[in-house]
Amino acid sequence: MLIRKKRLGELPASEITDQQVYLDRRKFLNSSATIAVASLLPLSMANAKTELPEATYLDLKQSPYSIADELTSYQSVTTYNNFYEFGTDKASPAIMATKFPDKSKPWRVTIEGECDKPGEYDYDDLIRPFTLEERIYRFRCVEGWSMVIPWVGFPLADLIKRAQPNSRAKFVEFMTLYDPKQMPGQRRQVLNWPYTEGLRIDEAMNPLTLLSVGLYGSELLGQNGAPIRLVVPWKYGFKSIKSIVNIRFVEEMPNSAWMKAGPREYGFYSNVNPNVDHPRWSQSKERRLGEFLKRKTEIFNGYEEQVADLYTGMDLTKNF
Ligand code: MTE
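This structure is a prediction, so every number in the text was calculated from the model and none was measured.

A.B. asks: Is there a simple way to explain the site of the ligand in this structure?
C.D. replies: Neighbouring the ligand are 16 residues; Asn81, Tyr84, Glu85, Arg229 and Lys242 lie closest to it. Interatomic distance of 2.9 Å between a backbone N/O atom of Ser240 and a nitrogen atom of the ligand.

A.B. asks: Would you mind going over helix H6 (residues 156–163) with me for this structure?
C.D. replies: Owing to its 3.6 residues per turn, the α-helix brings residues three or four apart onto one side. Every buried residue of H6 is listed here: Leu156, Ala157, Leu159, Ile160 and Ala163. Each buried residue of H6 sits inside an arc of 160° when the element is viewed along its axis, so together they form one side. Among the exposed residues of H6, those pointing more than 90 degrees away from its buried face are Lys161 and Arg162. Positive backbone phi, at 50°, marks Gln164, one or two positions downstream of H6.

A.B. asks: Teacher, can you tell me more about the sheet that holds strand S2 (residues 108–113) here?
C.D. replies: To summarise the sheet geometry, strands pair through backbone hydrogen bonds and adopt either a parallel or an antiparallel arrangement. Read across the open sheet, the five strands follow the order S3-S2-S11-S6-S7; overall the sheet is mixed. For this open sheet the edge positions go to strand S3 (119–122) and strand S7 (196–200), each flanked by a neighbour on one side alone. Between one strand and the next, the sheet's axes are offset by a mean angle of 15°, whatever the strand orientation. Bridging between S2 and S3 involves four bridges; their strand directions are antiparallel. Opposite Ile111, over in S3, you have Gly119 as the bridge partner. Packed onto the sheet, H6 meets S2, strand S6 (171–176), S7 and strand S11 (244–250) and runs at close to 60° relative to S11.

A.B. asks: Could you clarify how one ought to interpret the confidence of the model for the protein chain in this entry?
C.D. replies: Low-confidence regions, as indicated by low pLDDT, have predicted coordinates that should not be scrutinised in detail. Across the protein chain, the average pLDDT comes to 89, with 85% of residues at 70 or higher. Every residue in residues 1–23 is under pLDDT 50, and counting partners more than four places away or in other chains gives 47 contacts. Within the model, the stretch residues 25–45 combines pLDDT values under 50 with 46 contacts to residues more than four positions away or in other chains.

A.B. asks: Looking at this model, I keep getting lost on the pairing of strand S12 (residues 285–288). Mind explaining?
C.D. replies: Two faces belong to every sheet, and in a regular strand the side chains alternate between them. Sheet topology places strand S5 (residues 145–155) next to S12; two bridges connect them, and they run parallel. Each residue of the ladder has a partner; that of Trp145, found in S12, is Arg287. Inspection of the sheet shows S12 paired to strand S13 (residues 295–296) by two bridges, in the antiparallel sense. Bridge pairing in S13 links Glu286 to Arg295. Counting the residues between successive antiparallel strands, the hairpin from S12 to S13 contains six residues, one of them, Gly290, with a positive phi of roughly 95°.

A.B. asks: Would you mind showing me how to read the environment of Phe139 here?
C.D. replies: Topologically, Phe139 is positioned in strand S4 (residues 133–140). Those residues within four positions of Phe139 in sequence are excluded, and the remaining contacts are Trp145, Ser146, Met147, Ile149, Trp151, Arg229, Gly237, Ser240 and Asn301.

A.B. asks: Honestly, the packing of aromatic side chains in this entry has me stumped. Any pointers?
C.D. replies: Centre-to-centre distance and the angle between the planes together describe a pair of aromatic rings. According to the stated counting rule, one finds 18 aromatic pairs in the structure shown. On the basis of an interplanar angle of 85° and a centroid distance of 5.9 Å, the ring pair of Phe100 and Trp107 is categorised as edge-to-face. Comparing Phe100 with Trp107, the two get one shared label, buried. In textbook terms, an aromatic cluster arises when at least three aromatic residues are bridged by ring pairs, as seen for Phe171, Phe268, Tyr269, Phe300 and Tyr311. Sitting above the plane of the Tyr80 ring, Lys90 keeps its charged end 5.8 Å from the centroid. Lying across the ring of Tyr303, Arg138 places its NZ or CZ 4.7 Å from the centre.

A.B. asks: Can you walk me through the pattern of salt bridges in this structure?
C.D. replies: Opposite charge on two side chains permits them to pair, given that their charged atoms come into close proximity. The full count for this structure, using the stated rule, is 18 salt bridges. Ionic pairing is found between Lys235 and Glu203, a salt bridge with its closest N-O pair at 2.7 Å. Placement of Lys235 in the loop between strand S10 (229–231) and S11 and of Glu203 in helix H7 (residues 201–205) is noted, with a sequence separation of 32 residues between them. In this structure, Lys235 and Glu203 share a single accessibility class: buried. Salt bridges sharing partners connect three or more residues here, namely Lys61, Glu133 and Arg135.

A.B. asks: When you look at the environment of Tyr123 in this model, what are you seeing that I'm missing?
C.D. replies: Position of Tyr123 among the secondary structure elements: in helix H5 (residues 123–127). Using a relative accessible area of 15% as the deciding quantity, one classes Tyr123 as buried. It is 5.8 Å that separates the C-alpha atoms of Tyr123 and Arg108, two residues lying 15 residues apart in sequence. The contact partners of Tyr123, leaving out residues within four places of it in the chain, are Tyr57, Trp107, Val213, Pro227 and Ile228.

Conventions adopted
Residues numbered from 1 in each chain as written. Predicted model: local features only at pLDDT ≥ 70, side-chain atom pairs only at ≥ 80, totals over all residues. Heavy atoms only, no water. Near = heavy atom within 4 Å. Polar contact = N/O pair within 3.5 Å; in protein donor to acceptor, adjacent residues only side chain to side chain. Buried < 20%, exposed > 50% of the residue type's maximum accessible area, 1.4 Å probe, protein only. Helix = DSSP H or I, 4+ residues; strand = E, 2+ residues; numbered from the N terminus. Arc of directions from axis to C-beta. Pairing = 2+ DSSP bridges. Axes fitted to C-alpha atoms, helices over the stretch in contact; angles between N-to-C directions. Contact = heavy atoms within 4.5 Å. pLDDT = per-residue confidence, 0-100. Phe/Tyr/Trp six-rings, centres within 6.5 Å; stacked < 30°, edge-to-face > 60°. Lys NZ or Arg CZ within 6 Å of the ring centre and 35° of its normal. Salt bridge = Lys/Arg side-chain N within 4 Å of Asp/Glu carboxyl O.

In structure tokens form, the structure reads like this:
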């Protein structure tokens, strides 16, 4: 049973993310010939208020992978977001995604590529076969902030086993919905839409890799990537792609949206690593939302025991 934790209040992004990191990322977006979607919104707009709803997922299986750290408040998890399809500042997604996804339209997910059992599923049919569980994970953004989130979901490995990838399937590519009518941020070329991400097949099969359909015992809100998103807790948060409509097994390493936007800054692996700095800021520490002092960032975000062997023999400074 989850207990609601202390609320964080309404901190603007610039107070939580290091001012410099925040400004640097802004500068990067502008300098790569992009126009910030933030301009769609008055910057003074306050964070939306969110109330912890009644749990809709009952009797969830508890996971041995859950950590015991104090949870980040529901208010922070649902109002301090990165979801550029709804704006580039932290507050916009909670304000702009209240009606997302449009419930009158079916949510379809396509599974395709190098596999023996491809298919196109309605969301309910897609998740029906799987046992949902709760996983309390650390979540570390490349910008230097972190949270502890009680996700609801199932291992991506379960879905992959059903799709039966063939021997050519070396990577898995994920794609977010492209629908500028629902996602106003996609009307501007902030990133190369639709947002895409990828994992090596063994990373995708790792038991920690989760397809999430909820958090805090309830369905995901639009701003958190409803109705289904990826959660890869040992990698920087941008690998955890939201609102997925396409999962494709491929032979070649896919180029993600962030790799296209800044190839020298955002690599394919993007494992949390305090020893490999972002070209413009240190990754050695992080600010956990709700805490005043910074804490040390752990290698693989504290999941070294579960994932380090995926990278045996690899130079993690080159494969960033
Ligand atoms: N997925 C899509 N489609 N679009 C995005 O802008 N942002 C990423 C990731 N997934 C993003 C996305 C980044 S940078 C982070 S840190 C996390 O989502 C944030 O997830 P949260 O808002 O649920 O904390």
